[in-house]
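Here are the chains, one letter per residue:
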Amino acid sequence: KCTGDDLQLKHTWVKLNVGGTQFLTTKTSLCRDPKSFLYRLCQEENDLKSDKDENGAYLIDRDPEYFRPILNYLRHGKLVVDKSQELEGVLEEAEFYNVTEVIQICKERIKLRDDVHHQSNVK
Amino acid sequence: KCTGDDLQLKHTWVKLNVGGTQFLTTKTSLCRDPKSFLYRLCQEENDLKSDKDENGAYLIDRDPEYFRPILNYLRHGKLVVDKSQELEGVLEEAEFYNVTEVIQICKERIKLRDDVHHQSNVK
Amino acid sequence: KCTGDDLQLKHTWVKLNVGGTQFLTTKTSLCRDPKSFLYRLCQEENDLKSDKDENGAYLIDRDPEYFRPILNYLRHGKLVVDKSQELEGVLEEAEFYNVTEVIQICKERIKLRDDVHHQSNVK
Amino acid sequence: KCTGDDLQLKHTWVKLNVGGTQFLTTKTSLCRDPKSFLYRLCQEENDLKSDKDENGAYLIDRDPEYFRPILNYLRHGKLVVDKSQELEGVLEEAEFYNVTEVIQICKERIKLRDDVHHQSNVK
Amino acid sequence: KCTGDDLQLKHTWVKLNVGGTQFLTTKTSLCRDPKSFLYRLCQEENDLKSDKDENGAYLIDRDPEYFRPILNYLRHGKLVVDKSQELEGVLEEAEFYNVTEVIQICKERIKLRDDVHHQSNVK
């Protein structure tokens, strides 16, 4: 399991500007899922093709709040969705960034939620 | 369906200052609904007429929190409203920006919510 | 009803620094209620008397979160209170800024809320 | 009762950096409770002893979110706690800043909450 | 018990950039748990090894929202989790930063929550 002390190692830090909000992360986190768009974003050869803002942050035209659970998943492998957020919003971002495991987890949780809700209405 | 890799293409990025909060998006997103005020905002010929702040962001005198679901709808076509937000607040913004489909969805959800609430009070 | 296209007209933009948070609005919004403190704040002759920060924003020693529903009311005439906020907090700001209609609405909603709550306890 | 027009008077504005977040308030608000640490913070003779950041804001090593209800209490004398916040978190800050009335109110509300909860479990 | 007046003493202030959000704290808070990664982060000899941003803030590739309860615990020794946050998210950060007591408290609260939930489903 990854712990804080791994941060002692020099990392390649990556800045993202998601819909106007700054995020800071590492290439290691972004590369966790090789099928994801974020993996391709931080490949060296990509550097010239992608747009960046004046702080060197990659520009992404998406919601910052619903990006948080996606990025956190890439950091530690758990999907933590705040109680005020809707699973449908997380699913939408997971599909955009193409993080396959998060897509899967969201769909399962939505199904579970709707089944429970349906049951309690039937009773 | 639009995915992250489409961002690889060079986009025209647009900055918005909504009520004091910075948003970053693309002309593509803002132009999704041709009847919307946001469509007209980013037309070339409009450039001289609209006010901008010192960062080149278009000034809009509206609430930033309730603008988020509207902008996200233009990005991906789903209306995701956080559990802490009121549908009436989203409807108000949808009417201001004149995003017809969001107006429609809000009205349906408000009706559904009030019907359910009325039923459970009657029981 | 006011729509986005009215923004095409050149506005007098006003910056507010409410408790440390920047807000952007127009003189039109702030002048909606002539009895309000915000009306007097942006009168020309007032310009020298009120304190401003280094960005030219009027300084106001109040909470920014509970100012949002007040400002939004002045923008569009609906009082939208987030589910995580307390009506008492909105009332307190409405009284400070002296926005008479919002004071009225808050008091009605508080009464309604307490009546319903009382009824459900009595049953 | 204090209203917005009192702001017309020239105030001594005070900046606070609470855990990394900027707050703006006045000496009048901070001096409401003479027993509080915030009272002593803004006394003239204290000016050299306390640390400030590069913007001249007093540095305070505490949570910004739970400081909000404390500061708002000093501004208007009502304790407004958002529904997403825990009373225990507000109490902790009230004790740190030593705002006696807020300590008292928090303890009463916690007792009330726990009594109600206990009753409904007993029924 | 630590109170605000202790801040009168000159502190060693430490800036953290957690996932793109600035936090301000003191070496005293970060050193509360000697087994934690945050303890080692601010040791003098560590200064050259860890990455910092342009403001001199230590870079940490983690979520800022779920870091708040951890840092607050180091400040005052109480674990306060907002109602909108998930205990699992706090646990994940507690394990990353290796704050042993918070790990323990999170596990107990999760167990308690799940037991209660299970009971109410069985009834």
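Coordinates for the structure precede this section.
Since the model is a prediction, treat every value here as computed from it, not as a measurement.

Caption draft 1: Main features of the packing of aromatic side chains. Throughout the structure, instances matching the rule amount to 25 aromatic pairs over all chains. Geometrically, the ring pair formed by Phe37(D) and Phe96(D) is edge-to-face, given 5.8 Å between the ring centres and 75° between the ring planes. Placement of the pair is Phe37(D) in helix α2 (residues 37–41) and Phe96(D) in helix α4 (residues 87–97), with a sequence separation of 59 residues. The same class applies to Phe37(D) as to Phe96(D), namely buried. Between the aromatic rings of Phe67(D) and Tyr97(D), the centroid separation amounts to 5.0 Å while the plane-to-plane angle is 45°, which identifies the pairing as tilted. Taken together, the residues Phe67(D) in helix α3 (residues 67–76) and Tyr97(D) in helix α4 connect sequence positions 30 residues apart. According to the relative accessible area criterion, Tyr97(D) is buried, its value standing at 0%. Sitting above the plane of the Tyr58(B) ring, Lys52(B) keeps its charged end 4.8 Å from the centroid.

Caption draft 2: Local environment of the pairing of strand β2 (residues 21–26) of chain B. Note: strand β1 (residues 13–18) of chain B against β2(B), six bridges, orientation antiparallel. Across the sheet, Val14(B) pairs through a bridge with Thr25(B), a residue of β2(B).

Caption draft 3: Geometry of the relation of the copies chain E and chain D. Once chain E is rotated about the relating axis by 72° and shifted along it by 0.0 Å, it coincides with chain D to within an RMSD of 0.0 Å. Here the copies are linked by what is in effect a five-fold axis. Identified as the residue of chain E closest to the rotation axis by C-alpha distance is Ser84(E), at 5.0 Å. A distinct binding surface is used by each copy, with only 7% of the interface residues of chain E retained as interface residues in chain D.

Caption draft 4: Seen up close, the interface of chain A and chain E. Across the contact, 28 residues belong to chain A and 28 residues belong to chain E. At the boundary of chain A and chain E, one finds three salt bridges. Notably, a salt bridge pairs Asp63(E) with Arg68(A), separated by 2.8 Å at the nearest N-O pair. Linking chain A to chain E there are 14 residue pairs in polar contact (both at pLDDT 80 or more). Counting residues per element, the ones that place at least two in the side of chain A that touches chain E are β1 (13–18), β2 (21–26) and α3 (67–76) of chain A. If one sorts the elements of the side of chain A that touches chain E by residue count, β2(A) sits on top with five residues. Among the residues making up the side of chain A that touches chain E, the classes are represented as eight nonpolar, 11 polar and nine charged.

Caption draft 5: How the structure looks around the relation of the copies chain A and chain E. Laying chain A over chain E is done by rotating through 72° and shifting 0.0 Å along the axis; what remains is an RMSD of 0.0 Å. Of the residues that chain A buries at the interface, just 7% are likewise interface residues in chain E, meaning the two copies contact each other through different surfaces.

Caption draft 6: Focus on the sheet that holds strand β2 (residues 21–26) of chain D. Residue and element names in this part refer to chain D. Across the sheet, three strands lie side by side as β2-β1-β3; this open sheet has mixed pairing. Edge positions in the open sheet fall to β2 and β3 (58–60), since each of these has one partner strand only. Across the sheet, the axes of successive neighbouring strands diverge by a mean angle of 30°, strand direction being ignored. In the packing of α3 onto the sheet, contacts are made with β1 (13–18) and β2, and the angle to β2 comes to roughly 10°.

Caption draft 7: Broad picture of unusual backbone geometry. We note that Asn98(B) has phi near 55°; this positive angle belongs to a residue other than glycine. With respect to the secondary-structure elements, Asn98(B) resides in the loop between α4 (87–97) and α5 (100–122).

Caption draft 8: Structural view of helix α3 (residues 67–76) of chain C. All names here are of chain C. Of all 10 residues making up α3, 10 are buried, and the element is well covered by its neighbours. Listed as buried for α3 are Phe67, Arg68, Pro69, Ile70, Leu71, Asn72, Tyr73, Leu74, Arg75 and His76. Just downstream of α3, Gly77 is the residue with a positive phi angle, here 80°.

Reading the values: the criteria
Numbers given to residues run from 1 along each chain, matching the order in which its sequence is written. To label them, take the chains in the order written and letter them from A, then take the ligands in the order written and number them from 1. Two thresholds apply to this predicted model, a pLDDT of at least 70 for residue-level local features and 80 or more for giving and counting side-chain atom pairs, whereas whole-chain, interface and lining totals are computed over all residues. Think of the side-chain values as coming from all heavy atoms in the structure, minus any hydrogens and water. The pairing test for Phe, Tyr and Trp rings, Trp by its six-membered ring, is centres within 6.5 Å, and the orientation test on the planes gives stacked under 30 degrees, edge-to-face over 60, and tilted for anything in between. Counting from the N terminus, the helices are DSSP H or I runs at least four residues long and the strands are E runs at least two residues long. Think of it in three bands: residues with accessible area under 20% of the maximum for their type are buried, residues over 50% are exposed, and the middle band is partly exposed, with areas taken using a 1.4 Å probe on protein chains only. Cation placement over rings: the criterion is NZ of Lys or CZ of Arg within 6 Å of the ring centroid and within 35° of the ring normal. Only strands that DSSP links by at least two bridges are regarded as paired with each other. The copies were overlaid with a least-squares fit restricted to C-alpha atoms from residues scoring a pLDDT of at least 70 in each copy. Here, two residues are considered to be in contact whenever any of their heavy atoms come within 4.5 Å of each other. When a carboxyl oxygen of Asp or Glu lies within 4 Å of a side-chain nitrogen of Lys or Arg, that pair is called a salt bridge. Polar contact criterion, stated in full: a pair of N or O atoms within 3.5 Å, where within protein one must be able to donate a hydrogen and the other to accept it, and residues adjacent in sequence count only if both atoms are side-chain atoms. Under the scheme applied here, ten amino acids are nonpolar (Ala, Val, Leu, Ile, Met, Phe, Trp, Tyr, Cys and Pro), four are charged (Asp, Glu, Lys and Arg), and all others, including Gly, are polar. Lines fitted to C-alpha atoms define the axes here, with helix axes fitted over just the stretch in contact, and angles between the N-to-C directions of these axes take values from 0 to 180 degrees.

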